[in-house]
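# Tertiary structure, described
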Amino acid sequence: MKESWSSVDTLETNFRPLVVIELAKGTKEETIEWFTKRIVDKKANGGAQLLIKPLVTENGDENIYLVGASHLRLLLGAENVGLVKECNDNSMRAFTYSSRKTFKDFADDNQNFLTMSECQYIIKHELENLRAKDEKMIPGYPQAKLYPGKSIVRRLLTNGILVQIFPLHDREELKKLRHTWYGQVKIGYQPLDEIRCYFGETIALYFGFLEYFTFALIPMAVIGIPYYVFAWEDYDKYVMFATFNLLWSTVILEVWKRICAVMTYRWGTLLMKRQFEEPRPGFHGVLGINPVTGREEPVYSSIKRQLRIYLVSVPFVCLCLYFSLYVMMIYFDLEQWALDYHEENKSHFSNLMLYVPSIIYAVVIEIMNRIYRYAAEFLTSWENHRLESSYQNHLILKVLVFNFLNCFASLFYIAFVLFDMKLLRQSLATLLITSQILNQFAESLLPYWLQKRHMKKMKERMHSLKMDTDLSLVEQVNSEKEMGTYLGTFDDYLELFLQFGYVSLFSCVYPLAAVFAVLNNITEIYSDALKMCRVYKRPFAEPTANIGVWQLAFETMSVISVVTNCILIGMSPQVNALFPDSKMDLILTVALVEHLLLAIKFVMAFVIPDKPRDIQIKLAKLEFESLEALKQQQMKLAAESLKE
């Protein structure tokens, strides 16, 4: 029997809290009543059809609410968001309630068929798609205007009525995950399947890429050490090392696509249909009809969006790039001052002073990157992109352009304008090591220390209270709501992207870059795991099939590295000595080698399939079965119409 949304019960005796909603203290009663009613209302009436109850505390505050859903509601929600689960025949298919019996481990009384993170993802999806229909304002707050199609949750957040929404941790599962993930120091693979079940595919895929990239750097590190020790000034000996580096950067990115396809097929996200994404919560516009899906959703003029991008965002980014170059020239003035000081004094102190400008510049780069990130987020949000994927792509493009220039412009200037290889080595080493230390401190050590300090105070305060309600749940919610919010994998991928640039762009100048990258990534795995489990609130799971636009970013960096390494080798005295009479022959030879290496890269990228053969067969089989099912359905409809 096919279940409909109207048959979903909004009352359930065994209420399981999954998501926490925190409203601002002093929120008006009519606002709370209206918002909670929209959450429990049936979908036909524009509600989310979920379960909600207040968290009762000793002081009687009712600004925190727990959200859950009935088992049937979650199953229908799983079909609605397109979750893919494993069938009894070991194939992966999109879950449908009507065919629920064909899925592995499904039973009507099995509450664990959907993981807790999947349930929380479904609830988040439904809350984010609560949109205004006839309301003109938030009840009780005339200044909080609403119009058809406006996201209710977004409006509540922007007006400070809604403080935050976050998923609850599962303490027992988190304890098990901590033990297997970082609770014991060992050389081995991360429990990626367990990470995926608890945190979702996006975070699991990041840790999978971090682990893979670290292992992929080991050959470069092993080869780089003898080159550093025995061939420091002989640039002609770096030709083989640079060539290996360039081919290595292509192979690891192509192999990663295959590994990623295997993982995401196993997790089901490789098959998820993403072409009809729901509008992102921050998207606003006049309520209209989507011509593709036929559904009601906000509509916003693409011309207005393009005008905002090209008349405001692009000039702002260009201005920031100019400012970055201006700061870079100040850095070179400091370098010249330090060099003059060393020439005059010739002491150990003056020798140390040679590294001070690079260290100061590295710190300034990190500060500028973080400030620019906030500006880029504001601008991208203001551009009002309909889809989350479009929003992320525009944000990543803005940040990558600035970070690339900010981090690498000085190295390009030293290499191709000043022609100072000694300063290039010094600056590269200083920027790489300093940025790694700052990132480890800012992203993991400092937040962990602050969170540990806060948790100590929280426990002392909680144990001093005497409560009649469920102390463990109240304590958990109150401690988690004060935790920091994990803002996604953006900064983590950006750090790896910049690290990849330091390793690949100037490999023939500083072969030890890969060694420092490996050491940093080993500690990064443990520190990132620590911050996910102990420092931040549990993030909502986000299904994904790959690392998205970051794959293109890494591939673009590998192409740029071909050009830079070829030019650096061509500039070396040893290579110049091979062409004493004609510089044009040298330029043509370097250009020929560079084009040849690029051709080899593109041929390798074409030859190595993105998906393993067995995955391709499984995907083709599913596509064939879908077409056959559609054909059978059409034939059935045709037969019924003939009977009539």
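Quantities reported herein were computed from a predicted structural model and do not represent experimental measurements.

Tallying secondary structure elements over the protein gives 20 helices and 10 strands in all. With 644 residues in all, the protein has 50% of them scored as buried. With an accessible surface of roughly 32,200 Å², the protein has 63% of that area assigned to carbon and sulfur atoms.

Here we take up the side chain of His-385. Tracing the backbone through its elements, the reader meets His-385 in the loop between helix H11 (356-382) and helix H12 (388-418). Here His-385 falls in the buried class, since its relative accessible area comes to 2%. Polar contacts involving the side chain of His-385 include one to the side chain of Glu-383, which spans 2.7 Å. Looking at His-385, its side chain comes within polar contact range of the side chain of Ser-390, at 3.2 Å.

Our next topic: helix H19 (residues 583-607). Here H19 spans 36 Å end to end across 25 residues, near enough to the 36 Å set by a 1.5 Å rise per residue. Buried within H19 are the following residues: Leu-586, Val-590, Glu-594, Leu-597, Leu-598 and Lys-601.

Throughout the structure, instances matching the rule amount to 34 aromatic pairs. Both rings, one in Phe-209 and one in Trp-256, keep their centres 5.1 Å apart while their planes meet at 70°; by these two values the pair is edge-to-face. Here Trp-256 lies in helix H8 (residues 238-267) and Phe-209 lies in helix H7 (residues 201-230), a separation of 47 residues in the sequence. Each member of the pair Phe-209 and Trp-256 is classed as buried. Here Lys-28 stacks its cationic end above the ring of Tyr-141, 5.2 Å away from the centre of that ring.

This part takes up the packing of helix H15 (residues 490-505) against helix H16 (residues 513-535). Packed helices, taken two at a time, are described by their axes: the angle between them and the distance between them. Two elements in contact, H15 and H16, have axes separated by 10 Å at closest approach and are oriented at 170°. Of the possible angle classes, the one that applies to H15 and H16 is roughly antiparallel. Where H15 approaches H16, its residues Asp-492, Glu-495, Leu-496, Gln-499, Tyr-502 and Val-503 are matched on the opposing element by Ala-513, Ala-514, Ala-517, Asn-520, Asn-521, Glu-524, Asp-528 and Lys-531. Among the residues making up the contact of H15 with H16, the classes are represented as 6 nonpolar, 3 polar and 5 charged.

Before going further, it helps to spend a moment on unusual backbone geometry. The residue Asn-90 is not glycine, and still its phi comes out positive at about 70°. Mapped onto the elements, Asn-90 comes out in the loop between strand S4 (84-86) and strand S5 (92-94). For Lys-346, which is not glycine, the phi torsion reads 55° and is therefore positive. Mapping Lys-346 onto the fold places it in the loop between helix H9 (302-345) and helix H10 (348-353).

This part is about helix H5 (residues 171-181). Every buried residue of H5 is accounted for by Leu-174, Leu-177 and Trp-181. End-on, the buried residues of H5 take up no more than an arc of 65°, which puts them together on one face. Turned more than 90 degrees away from the buried face of H5 sit Glu-172, Lys-175 and Lys-176, all of them exposed.

Mapped onto the present numbering, the UniProt feature "transmembrane region" (unreviewed entry) falls on residues 212-232, 238-256, 309-332, 352-372, 395-416, 496-519 and 586-608. As annotated, residues 352-372 has a helix share of 90% and a strand share of 0%, and its two end C-alpha atoms lie 31 Å apart. Helix makes up 71% of residues 496-519 and strand 0%, with an end-to-end C-alpha separation of 13 Å.

Tallying each qualifying case throughout the model produces 24 salt bridges. Close ionic contact of Glu-118 with Lys-85 constitutes a salt bridge, the shortest N to O distance being 3.1 Å. With a gap of 33 residues between them, Glu-118 in helix H3 (residues 116-128) and Lys-85 in strand S4 connect regions that are remote in the sequence. The exposure class assigned to Glu-118 is buried, which follows from its relative accessible area of 6%. The exposure class of Lys-85 is buried, given its relative accessible area of 12%. Asp-193 is the partner of Arg-266 in a salt bridge, and the nearest nitrogen-oxygen pair spans 3.0 Å.

Looking now at the pairing of strand S3 (residues 64-68). Burial within S3 is extensive, with 5 of its 5 residues counted as buried. Bridge analysis of strand S2 (residues 51-54) against S3 gives 4 bridges, and the strand direction is antiparallel. Residue pairing for S3: Pro-54 is matched across the bridge by Tyr-65.

Let us now look at the confidence of the model for the protein. Mean pLDDT over the protein works out to 84, with 89% of the residues at or above the 70 mark. The lowest-confidence element of the protein is strand S10 (residues 296-299), averaging 72 in pLDDT; the highest-confidence one is helix H6 (residues 192-199), averaging 94.

Moving on to the nonpolar core. If you look at the biggest cluster of nonpolar residues, it comprises 106 residues, and the most contacted ones within it are Trp-181, Phe-506 and Trp-550. Looking at which element gives the most residues to this core, the answer is H7, with 14 residues. Residues from two domains meet in this core; each of domain 2 (180-274 + 407-611) and domain 3 (297-386) gives at least three. Among all residues touching Trp-550, those that are not within four sequence positions of it are Ile-396, Leu-400, Phe-490, Tyr-493, Leu-494 and Phe-497. With 55 residues, the next largest nonpolar core counts Leu-50, Leu-74, Phe-95 and Ile-138 among its residues.

Definitions and limits used
- Residues numbered from 1 in each chain as written.
- Predicted model: local features only at pLDDT ≥ 70, side-chain atom pairs only at ≥ 80, totals over all residues.
- Heavy atoms only, no water.
- Helix = DSSP H or I, 4+ residues; strand = E, 2+ residues; numbered from the N terminus.
- Buried < 20%, exposed > 50% of the residue type's maximum accessible area, 1.4 Å probe, protein only.
- Areas by Shrake-Rupley, 256 points an atom, 1.4 Å probe, with all protein chains shown as cover.
- Polar contact = N/O pair within 3.5 Å; in protein donor to acceptor, adjacent residues only side chain to side chain.
- Expected span 1.5 Å × (residues − 1).
- Phe/Tyr/Trp six-rings, centres within 6.5 Å; stacked < 30°, edge-to-face > 60°.
- Lys NZ or Arg CZ within 6 Å of the ring centre and 35° of its normal.
- Axes fitted to C-alpha atoms, helices over the stretch in contact; angles between N-to-C directions.
- Parallel < 35°, antiparallel > 145°, perpendicular 65-115°, else oblique.
- Contact = heavy atoms within 4.5 Å.
- Nonpolar A, V, L, I, M, F, W, Y, C, P; charged D, E, K, R; others polar.
- Arc of directions from axis to C-beta.
- UniProt positions renumbered as here; feature names shortened; annotations may be inferred.
- Salt bridge = Lys/Arg side-chain N within 4 Å of Asp/Glu carboxyl O.
- Pairing = 2+ DSSP bridges.
- pLDDT = per-residue confidence, 0-100.
- Core = buried A, V, L, I, M, F, W, Y, C linked by side-chain atoms within 4.5 Å.
- Domains from an automatic or database assignment.

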